[in-house]
Amino acid sequence: MANTQIAAAREGTVTEEMKRVAERENRDPAFVREQVAEGQAVIPANRNHHALDAMIIGSEFSTKVNANIGNSETTSDLETELEKLHTAVHYGADTVMDLGTGSDLDEIREAHVEHSPVPIGTVPLYEAVKQAGGPEEITTELLLEVIEKQAEQGVDYMTIHAGILAEHLPLTDGRKTGIVSRGGSIVAKWMEENGEQNPLFQVYDEICSIFAEHDVTFSLGDSLRPGSLADACDEAQYAELDTLGELTRRAWEYDVQVMVEGPGHVPMHKVAENVERQQEVCDGAPFYVLGPLVTDIAPGYDHITSAIGAAMAAQAGAAMLCYVTPKEHLGLPDEADVRDGLAAYRIAAHSGDVANGLPGARDWDDALSEARYTFDWREQFNLALDPDRAREYHDQTLPGDNYKEARFCSMCGVEFCSMRIDQDARDADGEMNHLETQTDLEASAAAEVNLPPVGTHDTSATPDGGLDDDPGEDVSLETPSND
Ligand code: SF4
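Residues numbered from 1 in each chain as written. Predicted model: local features only at pLDDT ≥ 70, side-chain atom pairs only at ≥ 80, totals over all residues. Heavy atoms only, no water.

**Brief notes about the packing of aromatic side chains**
1) Next: A full pass over the atoms with the stated rule returns 7 aromatic pairs.
2) Next: With 6.5 Å between their ring centres and 45 degrees between their planes, phenylalanine 375 and tryptophan 377 make a pair best called tilted. The burial state of phenylalanine 375 is the same as that of tryptophan 377; both residues are buried.
3) Next: The interplanar angle of 40 degrees and the centroid separation of 6.4 Å between the aromatic rings of tryptophan 377 and phenylalanine 381 together place this pair among those described as tilted. (Phe/Tyr/Trp six-rings, centres within 6.5 Å; stacked < 30°, edge-to-face > 60°. Buried < 20%, exposed > 50% of the residue type's maximum accessible area, 1.4 Å probe, protein only.)

**Focus on unusual backbone geometry**
1) Next: Omega for the bond connecting proline 263 with glycine 264 falls within 30 degrees of zero, at 5 degrees, which places this linkage in the cis form.
2) Next: Cis geometry is found at the peptide bond from proline 452 to proline 453, where omega equals -5 degrees.
3) Next: With respect to the element layout, proline 453 can be found in the segment after helix 19 (418-429).
4) Next: Of note in this structure, asparagine 26 is not a glycine but carries a positive phi near 60 degrees.
5) Next: Mapped onto the elements of the fold, asparagine 26 is located in the loop between helix 2 (16-25) and helix 3 (29-37).
6) Next: For asparagine 26, a relative accessible area of 40% corresponds to the partly exposed category.
7) Next: A positive phi angle, near 55 degrees, is found at aspartate 215, a position not held by glycine.
8) Next: With respect to the element layout, aspartate 215 can be found in the loop between helix 10 (204-214) and strand 7 (217-220).
9) Next: Take aspartate 215: its relative accessible area is 2%, and that puts it in the buried class. (Helix = DSSP H or I, 4+ residues; strand = E, 2+ residues; numbered from the N terminus.)

**Re the pairing of strand 9 (residues 287-290)**
1) Next: Along strand 9, one buried face is formed by Phe287 and Val289 and the opposite face, lined by Tyr288 and Leu290, is buried too.
2) Next: Sheet topology places strand 8 (residues 258-262) next to strand 9; 3 bridges connect them, and they run parallel. Along strand 9, the bridge assignment pairs glycine 262 with valine 289.
3) Next: One crossover worth recording links strand 8 to the parallel strand 9 by way of helix 12 (residues 271-281), and it is right-handed. (Pairing = 2+ DSSP bridges. Right-handed = clockwise from strand over helix to strand, strands pointing away.)

**Some thoughts on the packing of helix 6 (residues 124-132) against helix 8 (residues 182-194)**
1) Next: Contact pair helix 6 / helix 8: the axes reach a minimum separation of 10 Å and the direction vectors enclose 50 degrees. Classed by the angle they form, the pair helix 6 and helix 8 counts as oblique. For helix 6 against helix 8, the interelement crossing comes out left-handed. For the pair helix 6 and helix 8, the contacting residues are Leu125, Tyr126 and Val129 in the first and Arg182, Gly183, Ile186 and Val187 in the second. (Axes fitted to C-alpha atoms, helices over the stretch in contact; angles between N-to-C directions. Parallel < 35°, antiparallel > 145°, perpendicular 65-115°, else oblique. Left-handed = near helix turned anticlockwise from the far one by under 90°. Contact = heavy atoms within 4.5 Å.)

**Things to note about the domain arrangement of the protein chain**
1) Next: For the protein chain, the domain assignment lists domain 1 (5-355) and domain 2 (361-433).
2) Next: Distance between the C-alpha centres of domain 1 and domain 2: 40 Å.
3) Next: Counting residues at the interface gives 8 residues for domain 1, matched by 8 residues for domain 2.
4) Next: Approximately 640 Å² of surface area, both sides summed, lies buried where domain 1 meets domain 2, with 57% of it carried by carbon and sulfur atoms. (Domains from an automatic or database assignment. Buried area = accessible area lost by both parts, 1.4 Å probe.)

**Considering the sheet that holds strand 7**
1) Next: Pairing is parallel around the closed barrel formed by 8 strands, whose spatial order is 3-4-5-6-7-8-9-10. Ignoring which end each strand starts from, the neighbouring axes of this sheet average 25 degrees apart.
2) Next: Sheet topology places strand 3 (residues 64-69) next to strand 10 (residues 320-322); 3 bridges connect them, and they run parallel. Note that in strand 10 the partner of valine 65 across the bridge is leucine 321.

**Remarks on the layout of surface pockets**
1) Next: Approximately 580 Å³ is the volume attributed to the largest pocket.
2) Next: Lining the largest pocket we find 25 residues, and of these Leu368, Arg372, Ala384, Leu385 and Asp386 sit closest to its centre.
3) Next: Breaking the lining of the largest pocket down by element, the ones donating at least two residues are helix 14 (335-355), helix 15 (363-373), helix 16 (377-383) and helix 17 (387-397).
4) Next: Broken down by element, the lining of the largest pocket gets its largest block of residues, 6 residues, from helix 14.
5) Next: The residue makeup of the lining of the largest pocket, split by class, is 14 nonpolar, 5 polar and 6 charged. (1 Å grid on protein atoms, 1.4 Å probe; cavity = no way out; pocket = protein on both sides within 12 Å on 5 of 7 lines; lining within 4 Å. Points joined across faces, edges and corners; volume = space filled by probe spheres on them. Nonpolar A, V, L, I, M, F, W, Y, C, P; charged D, E, K, R; others polar.)

**A closer look at the UniProt feature "binding site: Zn(2+)" (unreviewed entry) in the protein chain**
1) Next: UniProt feature "binding site: Zn(2+)" (unreviewed entry): in the numbering of this structure it lies at His265 and His329. Across 65 residues in sequence, these annotated residues keep their C-alpha atoms within 12.3 Å of one another, forming a single compact spot.
2) Next: Along the polypeptide, histidine 265 turns up in the loop between strand 8 and helix 12.
3) Next: Overall, histidine 265 belongs to the buried group, its relative accessible area being 9%.
4) Next: Within the structure, histidine 265 has its side chain in polar contact with the backbone oxygen of glycine 227 (distance 3.5 Å).
5) Next: Those residues in contact with histidine 329, other than ones at most four positions away along the chain, are His265, Leu293 and Asp302. (UniProt positions renumbered as here; feature names shortened; annotations may be inferred. Polar contact = N/O pair within 3.5 Å; in protein donor to acceptor, adjacent residues only side chain to side chain.)

**Re the nonpolar core**
1) Next: Formed by 111 residues in total, the largest nonpolar core has its most connected members in Phe211 and Phe218.
2) Next: Take this core: its biggest share by element is 7 residues, from helix 11 (residues 235-253).
3) Next: In contact with phenylalanine 211, not counting residues within four places along its chain, are Thr4, Ile147, Met158, Ile160, Val216, Thr217, Phe218 and Val256.
4) Next: In this structure, Ala371, Leu383, Leu441 and Leu451 belong to the second largest nonpolar core, which totals 9 residues. (Core = buried A, V, L, I, M, F, W, Y, C linked by side-chain atoms within 4.5 Å.)

Here you go:
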């Protein structure tokens, strides 16, 4: 039998990782075990990832957020890559995908695993393309070699584009934006050039065996995700999803954990349909979605267009959200973009958890509202998702210490501050007693990610990327979401 989290769960064992997850989620360890055993949740935890602080991804648990990092052919060095890891974790990434395609991939990957408290994900296809010298030159032997090496290096989960089949390709012909997944376009080109079935599909059983040996979790790639609203929910997308459902069940036979990736670009009225269909087709395996962007018209603001879709997806049952930054479709994100992207996605994830009624999820909102209504500005900053940003904005117009106790801010001004007017009126009526009831976050039943501060991991092992200085200058990231 495989030595994986799902194998242990199926035989009734509560692992150390399950106990840790239960603590972080404020849930019963027995419930965690049950969810993992049934494939409804995954604990990506390669046995060679010793710095890992175990976490769980599943629709019954708090919604998680992934950030993508990685070098390109023109950037960067080991220290810069570790700074990127630090930045992502600092701003609250629950997992990090290393999508590097540049030089020193092994050294950087090993350093990421060595230093990262969060699960590391990769797309091994990229390294295979680089080694082969082009998409059409890949062999199944090379794919397995790269996958096994990365598994030995301690990678916790891998995107495997095994679901796009030769028979799906004609279904994309009428699309407005074709195949936009980087991995999908590589596999499609390989199939066309070689006249064979998807090589990852061909060796899927062998991949399952490698994953079972090292406890690597599948992140089944959605190669045919829509790249525009016009292509959302089309025949190609859903044909691949059906294959992903079959691949999910095959991996479970090997006692391998599975999550399934999802779109992309989807109009708001079809977001829930996507989640519900994936949950049905893939028997409840966790859904890991990229956005989705709910409109195509706002390059430069796609952290917003996608966070709207991500919040809706989280409410509908998506388990993890892959962040999108303002630079999506336009260029390499820098540190400021990572900060904005992660803030947008932490908001989406938390909003979904509040809407779904996760135990204690709203306590953070209540505590901040109480600080706001009582004009406790310092507490309001401390409780903010991004305390530095909140403090900085307040300081822009009212920098003095005396204004940190003021019963107004510069938005409405002292005369028109509605909260002050309201409180004065209630005070006159003797109705202000309710302010004495304060939310106790220490006693909250919320999961760790639904309590301040975000980015709670110990990141001392990685260099500080100058986070408090000038965001935007010192870190640039590889194209984040085009896997
Ligand atoms: S001035 Fe307006 S925005 Fe500022 S605290 Fe009062 S009500 Fe809120």
